[in-house]
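# Working through the structure, step by step
Listed below, chain by chain, are the residues.
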Amino acid sequence: MKITRTLCAITFAMTFAGTAATAHAGEVEVLHWWTSGGEARSVAVLKSMMEQQGNSWKDFAVAGGGGESAMRVLKTRAVSGNPPSAAQIKGHDIQEWGRLGFLTNLNDVATAEQWGEVIPEVVANVMKYHGEYVAVPVNVHRVNWLWANPQVFKKSGAQVPTTLDEFFIAADKIKAAGFIPLAHGGQPWQDVTLFEAVALAVLGSEDYNRAFVDLNMDVLSGEKMVEAFTQFKKMHDYIDTKARGRQWNTATSMVINGEAAMQIMGDWAKGEFADAGKVPGIDYICAPAPGTAEQFTFNIDSFAFFKLSGAKEDKQAQKDLAKTIMTKEFQEIFNLNKGSIPVRLDMNMKKFDQCALDSMASFKATAKSGDLVPSMSQGLSTTSYVQGAIFDVVSNFFNRKSADPEMAVQKLSRAVKAAM
Ligand code: GAL
């Protein structure tokens, strides 16, 4: 009896799976830049969930943290009239693609799945162009984190810093003990990720927003900004001479293997610790970037969906993709691997570690206090034009020994003005 029932269940499952496969059998081509260990594990979850529904996945991965290369490749493909089904596009870029007429309307999926009821309104607004959903969020990353190796701190007799002053005290001790204080990858987007954390500590949330969201010239060229550049410049003394061009995940591995003590980086770094089998609180420490404990710099990854001219099945597969991304199942497994927190507010967080729980608590608290600020380095605070102008000034400054903070702020405000 039991066997018959089991057989029946298997037959039913097979029939069902078969039906699902023939009903869809569409293809989704997905562009992303998730190629590090932790990132690849995360995107593999989406691929497998799509395949389980009978769809096929064409991977369009373009390596390069921060996505600069991916965006360049995407532009060429889209302009030649052959965009992928979906692409990792976030923040202000979604509006830019919407304005160019490339994106498709996902309102039917959003309504059926009640997205509006499970994600914060601020997030929903980023996903919409002219009030219509054209993108789907996958996560919330906190960018202002410090990742630390407790063994290196112990051996150096240093304390994990909570302020910028403490950072420099700890960094001196670590350097004296023969370790690299700060693991860094010398690429413009990483230079700016570090700068942004320092600027947030120096400026505070209000002036951070005035500078990088409102593009207020007084703040961009003001005294506090000079101080931000001054502190930022000091950080250069604590990175190693081989930092130039290094990928962010290589920098993370320096903290993992005890070559370096700290990295200031978004919590995609946690995906690398997890991928290496490391446990938070034991093998590594996550702490807010110095001086920013009460603040949360947010980065929301999302996929924007393109208008397709191909087969009906592929359009259906595209809708399946949009729907899958917002399911609780996907949000849980993906974010456990990625280091971020789910974007849905109705999730059970039982399986998440302390770093993620702290991130979630801070996300909710800062949303009320006004200290939830969009990440400039990750394209959430302003257009790609302004962002590019800031990248140039900040990265050139960081890589020139003789660079002067007073002059940097003048260049910054001029460059931003020209890009507005
Ligand atoms: C960011 C992206 C993150 C992370 C990082 C490094 O731009 O939002 O998800 O993967 O790049 O590749």
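All of the points below concern the structure found in this document. The structure presented is a predicted model; accordingly, all values stated were derived computationally and were not measured. (Residues numbered from 1 in each chain as written. Predicted model: local features only at pLDDT ≥ 70, side-chain atom pairs only at ≥ 80, totals over all residues. Heavy atoms only, no water.)

### Some words on the packing of aromatic side chains
Applicable threshold: Here is the rule: rings of Phe, Tyr and Trp (six-membered ring for Trp) pair when centre to centre is within 6.5 Å. Planes less than 30 degrees apart are stacked, more than 60 are edge-to-face, and the remainder are tilted. Only DSSP runs of H or I covering at least 4 residues are called helices, and only runs of E covering at least 2 are called strands; the numbering of each starts at the N terminus. Burial classification: accessible surface area is computed with a 1.4 Å probe over protein chains only, and a residue below 20% of its type maximum counts as buried, one above 50% as exposed, and the rest as partly exposed. By definition here, charges over rings are those cases where NZ of Lys or CZ of Arg is within 6 Å of the ring centre and within 35 degrees of the ring normal.
Under the criterion given, the structure shown has 23 aromatic pairs. The interplanar angle of 85° and the centroid separation of 5.2 Å between the aromatic rings of Trp115 and Tyr133 together place this pair among those described as edge-to-face. Here Tyr133 lies in strand β5 (residues 132-133) and Trp115 lies in helix α6 (residues 115-118), a separation of 18 residues in the sequence. Note on Trp115: relative accessible area 1%, which makes it buried. Ring plane angle 40° and centroid distance 4.8 Å describe the contact between Phe195 and Phe229, whose orientation is recorded as tilted. Of this pair, Phe195 sits in helix α10 (residues 188-212) while Phe229 sits in helix α12 (residues 223-235), and the two are 34 residues apart along the sequence. According to the relative accessible area criterion, Phe195 is buried, its value standing at 0%. Through a chain of ring-to-ring contacts, three or more aromatic side chains come together here, namely Phe195, Tyr208, Phe212, Phe229, Phe232, Phe397 and Phe398. Positioned above the aromatic ring of Tyr238 is the side chain of Lys175, whose terminal nitrogen or guanidinium carbon lies 5.2 Å from the ring centre.

### Description of the packing of helix α18 (residues 384-398) against helix α19 (residues 405-419)
For clarity, the threshold we go by: The axes used here are C-alpha line fits, helices contributing only the stretch in contact, and every angle between their N-to-C directions lies in the interval 0 to 180 degrees. Comment on the angle field: the value is read as roughly parallel under 35 degrees, roughly antiparallel over 145, roughly perpendicular from 65 to 115, and oblique elsewhere. Take the far helix as your reference; a near helix turned counterclockwise from it by less than a right angle gives a left-handed crossing, and one turned clockwise gives a right-handed crossing. Residues are treated as being in contact if the distance between any of their heavy atoms lies within 4.5 Å. Classification convention: Asp, Glu, Lys, Arg as charged; Ala, Val, Leu, Ile, Met, Phe, Trp, Tyr, Cys, Pro as nonpolar; all other residues, Gly among them, as polar.
Close contact between α18 and α19 brings their axes to 8 Å; oriented N to C, the two are set at 160°. In terms of axis orientation, α18 runs roughly antiparallel to α19. Viewed along their axes, α18 and α19 form a crossing whose handedness is right-handed. Contacts from Tyr385, Val386, Ala389, Ile390, Val393 and Phe397 in α18 reach Pro405, Ala408, Lys411, Leu412, Ala415, Val416 and Ala419 in α19. Grouping the amino acids of the contact of α18 with α19 by side-chain chemistry returns twelve nonpolar, no polar and one charged.

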